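Chains, contacts and geometry: an overview
The primary structure of each chain is shown beneath.
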Amino acid sequence: MLLSLKPPKARRYQASLISLALHWENISPTLYKHLLRDGLLCLPSIRYLRRICSSVSLVTTGLPETTRTYLSARFEALSDREKILAILFDEVYASQKVEYHQGKLLGLENGDPTKTLLCFMVKSVAGSFHDVVAMVPVSKKISAQVIEKWYLKVLKLVTELGFDVVATISDAHSANRKCFADISGGEMMESIANPFKEESKIFLMFDSVHLFKNIYNNLVNKKTFQCPPFDGIPMSASFHHLRELYHQECANAVRYAYKLSDKVLGPKSIEETNVLLADSCFHDSTIQALKYFSRHGRDHWKETANFLELIRGFWNRVNVKDTYAHVRLRDDRRKPIDFENQDSLNFLSEFATWIRDWKDSKLPGLTKETFFALSKTVTSLIALSRYLLSTRRLSYVLPGKINSDPLERRFSWYRQLSGGNFFLSVRQFLEAEKKIRVESLVKYSGLDLVDVQCALQTDATNGEEIKESVRILLAALPAEPISSTDFKEQEGIIFYVAGFISRCLLKVKKCEDFYELVIQSQGPPSIQFEDVFDNCLSDFKLASKEFTDQVNRGGLMTPSDLIHMTCLCCLQLQCLIFDDKETEQLFLSMSDHRIVFVEVFMTRAMECPVVLSCLNHFCNQGHCFLDFIPMVGEKFFNVMIKNKVTMLNDNIHLARKRSGKASSNRRKVAKLTSM
């Protein structure tokens, strides 16, 4: 109401309103436009919201300095309870696509296209705080060594910022199990000591949601379980009993086991990751239906009902996310763990013993990996709960807060912010994370535009890393440059690109005398460069103007000899880098590709006295052309690398086509084209 009384340019929006507007605009830009057009609410303009996001640098892979700054800003707004964290990590598939953005090639890892992103998230075990810390691109199979390397880096960072890490959670993939075993000293332990904080424990466990789904998938695939009794109650499970129950009731208007469906009983391979199917299988309605019919002629269903009830009891106790869930749902199994309520811990302790007995009995049951992950997780969860209550002085523990759900939801949020696409490129992942970080700082930390820019400002270029990259690339390049006669086929387009760069320079430098150094005036050239390129630059220059004159409709610029020669030098360096396979792989494996290219170009130019004397020209106002050489190199690199990116993506596309079912495609084509 107060904003409506002020003119649009005099309005000052609160952080909560800006965060809400950012959230709406991220989810649906079209809907936000309708809200602005209707005028029922006084909201920030789209231009203002875009300015907030565009002023922030793109989140980079790995652990950049902006991540430390961002987490520090979030740390200040958290309570002591919320600073007790668990580290979650999981991989997400990425689209194999190379993109060029802000001088860097995204989607390449050691010269190969990125297949997956290994993501690390920190999650409060006693609060709602959660944030992605690192995204690591991986072009090949993820190994335990890669996971351990980046896990220790993330652990060191969050510990130095003042967070208290008490748990590490992942799924039960073989690489994750191997990583946990390695950091435990050879065999996975219940907990390890934090190497960066004395007298602090980190409990290792696997995600309880994944384990719940694994039990369901094991039952679907193996059909029959034979289990030892639990607390004197006989146990077994047959998937056929569930099918019989479903077919017995499927035609009824009202059903006891209303959660059972054909999808639950016969999931597709991609549907096996849906936890809702596992929840329907082990639902209380399914259990009570089996019990009811076991008392009315189906005695053999009773042990299956007992098994489902046991698994449901385990799931209800490890999935408690609310302190009043047991009151709202009238289910004592959903009580939080505290000093007075030890029933959940006692049950989990008995459940872990039963799992080990089942595994040792060699009876038909879960897979070896599921047995191992389930036993370790339940044991670690019990120890972690007691550790939080006694050592960290928490009044209660919610086990449902200690799982990988926030990371899976973050992956879904990335896809939603990128138009609902499933396979996102590396750049789309990074852009989505940038939007989320801006919204989080505005919403939770209450920062304004200037503070957000400071928290997520562009990383200062690591001078030592750039110098080392330049030194390595210079050592790999041959000393002798490529002759300009090798560019005969490209002479027209090089001259055309040089004219484009001339126009860019004139937009930056508003000096009439500087024009003479950038664009060519009428008449013969005023500077001769025959000694620079083997006495052939003059003929090269005259032939290259033919293409520009052919496409010119009056708006193109004719570049000066200085610009033309600089572009030829850039092209020589480009050929030296990309014509040799090893040098190309070396260059692509570096970071900040454009900066490295320009620094190498400037170094080689400074080392050549002839080139240096030619480029060291001044206009009447004292402006030196040599000062603008880096900008020429950047512009030429942008043009060159975009064509290189197109070629890399074409190679990825061709490799994907070759690996397809060619024979099947040929049969389809022959069938469709036959008479």
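Numbering of residues begins from 1 in every chain and follows the order in which that chain's sequence is written. Local features in this predicted model are restricted to residues whose pLDDT is 70 or higher, and side-chain atom pairs enter the listing and the counts only when it is 80 or higher, whereas totals over whole chains, interfaces and linings include all residues. Hydrogens are left out, water is left out, and the side-chain values use all remaining heavy atoms of the structure.

1. A look at the overall build of the chain
Where we set the bar: Here a strand is any run of E in DSSP of at least two residues, a helix any run of H or I of at least four, and the numbering for each starts at the N terminus. Here's how the labels work: a residue is buried when its accessible area is under 20% of the maximum for its type, exposed when over 50%, partly exposed in between, all with a 1.4 Å probe on protein chains only. Note on contacts: a residue pair is in contact if any heavy atoms of the two residues lie within 4.5 Å. Accessible surface is estimated by sampling points in the Shrake-Rupley manner with a 1.4 Å probe; for residues, cover comes only from the protein chains shown.
Each helix and strand counted, the chain has 28 helices and 12 strands in total. Across the 675 residues in the chain, those meeting the buried criterion constitute 50%. Considering only residue pairs separated by 6 or more positions, the chain has 73% of its internal contacts joining residues 24 or more positions apart. Accessible surface for the chain amounts to roughly 33,600 Å². Of this, 51% is attributable to carbon and sulfur atoms.

2. Details of the sheet that holds strand β6 (residues 116-124)
As a reminder of what qualifies: Pairing between strands requires that DSSP locate at least two bridges from one strand to the other. Angles shown run from 0 to 180 degrees and are taken between the N-to-C directions of axes, each axis being a line fitted to C-alpha atoms and, for helices, limited to the stretch in contact.
An order of β7-β6-β1-β8-β10-β9 is seen for the six strands of this open sheet, with the pairing classed as mixed. With one partner strand each, in any of the chains shown, β7 (130-138) and β9 (191-193) form the two edges of the open sheet. For this sheet the average axis-to-axis angle between neighbouring strands, irrespective of direction, equals 25 degrees. By the bridge criterion, three bridges tie β9 to strand β10 (residues 201-206) in an arrangement that is antiparallel. Each bridged residue has a counterpart across the sheet, and for Ala193 the counterpart in β10 is Lys201. Its contacts with the sheet put helix α16 (residues 405-417) on β1 (84-93), β6 and β7, and the angle it makes with β1 is roughly 50 degrees.

3. Some thoughts on helix α23 (residues 561-578)
This is how it is decided: To estimate the expected span of a helix, count its residues, drop one, and scale the result by 1.5 Å.
With 18 residues, α23 ought to run about 26 Å at 1.5 Å a step, and its terminal C-alpha atoms sit 26 Å apart, in line with that. By the criterion of burial, α23 is predominantly enclosed, with 18 of the 18 residues buried.

4. With respect to the pairing of β7
In terms of burial, β7 is a largely internal element, eight of the nine residues being buried. Inspection of the sheet shows β6 paired to β7 by eight bridges, in the antiparallel sense. Residue pairing for β7: Val122 is matched across the bridge by Asp131. Hairpin connection from β6 to β7: five residues lie between these consecutive antiparallel strands.

5. Topic: the packing of aromatic side chains
Applied cut-off: Pairs were defined over the aromatic rings of Phe, Tyr and Trp, the Trp ring being its six-membered one, requiring ring centres within 6.5 Å. Orientation was assigned from the angle between planes: stacked under 30 degrees, edge-to-face over 60, tilted for the rest.
Inspection of the entire model under this criterion finds 31 aromatic pairs. Both rings, one in Phe89 and one in Phe180, keep their centres 6.0 Å apart while their planes meet at 75 degrees; by these two values the pair is edge-to-face. Within this pair, whereas Phe89 is found in strand β1, its partner Phe180 is found in helix α6 (residues 174-183), the two being separated by 91 residues in sequence. A relative accessible area of 2% means that Phe89 is categorised as buried. Where Phe225 meets Trp358, the ring centres are 5.5 Å apart and the plane angle is 70 degrees; that geometry is what we call edge-to-face.

6. Let's talk about unusual backbone geometry
Not every positive phi belongs to a glycine, and Lys223 is a case in point at roughly 75 degrees. For Lys223, the position within the fold is in the loop between α7 (208-222) and β11 (224-230). Positive phi outside glycine occurs at Asp231, with the angle close to 55 degrees. Here Asp231 is to be found in the loop between β11 and β12 (233-238). The class for Asp231 is exposed, based on a relative accessible area of 65%.

7. Points about the layout of surface pockets
Rolled over the atoms, a probe sized like a water molecule indicates the empty space that remains. To keep things clear, this is the line we draw: Think of a 1 Å grid over the protein atoms and nothing else: a 1.4 Å probe that fits but is trapped marks a cavity, an open set flanked by protein within 12 Å on at least five of seven lines marks a pocket, and residues with an atom within 4 Å of a point count as lining. Grid points are joined across faces, edges and corners, and a volume is the space filled by probe spheres set on the points. Residue polarity follows a fixed list, in which Ala, Val, Leu, Ile, Met, Phe, Trp, Tyr, Cys and Pro are nonpolar, Asp, Glu, Lys and Arg are charged, and the others, Gly among them, are polar.
By volume, the second largest pocket amounts to about 1,400 Å³. In this structure, the second largest pocket is lined by 44 residues; those nearest its centre are Asp171, His210, Lys213, Thr273 and Glu408. For the lining of the second largest pocket, the secondary-structure elements that each account for two or more residues are β1, β6, α6, α7, α15 (368-390) and α16. Here the residues of the lining of the second largest pocket are counted per class, giving 13 nonpolar, 15 polar and 16 charged.

8. Re the side chain of Ser385
What counts, and what does not: By the criterion applied in these results, polar contacts are pairs of N or O atoms within 3.5 Å in which, for protein atoms, one can donate a hydrogen and the other can accept it, and in which residues neighboring in sequence qualify only through two side-chain atoms.
Mapped onto the secondary structure, Ser385 falls in helix α15. Judged by its relative accessible area of 0%, Ser385 falls in the buried class. Of note is the side chain of Ser385, whose polar atom sits 2.8 Å from the backbone oxygen of Leu381. If sequence neighbours within four positions are ignored, Ser385 has contacts with Ile337, Leu345 and Val397.

9. Description of the environment of Lys6
By the element assignment, Lys6 lies in the segment before α1 (15-27). For Lys6, a relative accessible area of 42% corresponds to the partly exposed category. As for Lys6 and Cys42, which are separated by 36 residues in sequence, their C-alpha atoms are 9.9 Å apart.

10. What to know about helix α12 (residues 302-318)
Relative to the 24 Å expected for 17 residues at 1.5 Å per residue, α12 spans 25 Å between its end C-alpha atoms, a close match to the ideal helical length. Within α12, 14 of the 17 residues are buried, which leaves it mostly tucked inside the rest of the structure.

11. Observations concerning the environment of Leu474
Here Leu474 is to be found in helix α19 (residues 463-476). On a C-alpha basis, the gap between Leu474 and Thr603 in space is 8.8 Å, while along the polypeptide they are 129 residues apart. Residues in contact with Leu474, not counting those within four places in the same chain, are Val600, Thr603 and Arg604.

12. Re the packing of helix α8 (residues 239-249) against helix α11 (residues 284-294)
Packed helices, taken two at a time, are described by their axes: the angle between them and the distance between them. As a reminder, the rule being used: Reported orientations rely on four angle classes, namely roughly parallel under 35 degrees, roughly antiparallel over 145, roughly perpendicular from 65 to 115, and oblique for the rest.
Between α8 and α11, the least distance of the axes is 11 Å, while the angle of their chain directions is 85 degrees. Classified by the angle their axes make, α8 and α11 are roughly perpendicular. Counting all contacts with α8, which are made through His241, Leu242, Leu245, Gln248 and Glu249, the residues of α11 involved are Thr286, Ala289, Leu290 and Phe293. Of the residues in the contact of α8 with α11, the class split is five nonpolar, three polar and one charged.

13. Points about the confidence of the model for the chain
The cut-off we apply is this: Residue-level confidence of the predictor is what pLDDT reports, using numbers from 0 through 100.
When the pLDDT values of the chain are averaged, the result is 84; 89% of them are 70 or greater. Of all secondary-structure elements in the chain, the lowest mean pLDDT belongs to helix α28 (residues 662-673), at 53, while β10 reaches the highest, 96. Low confidence marks residues 522-540, where pLDDT is under 50. Its contacts with residues over four positions away, or in another chain, come to 38 contacts.

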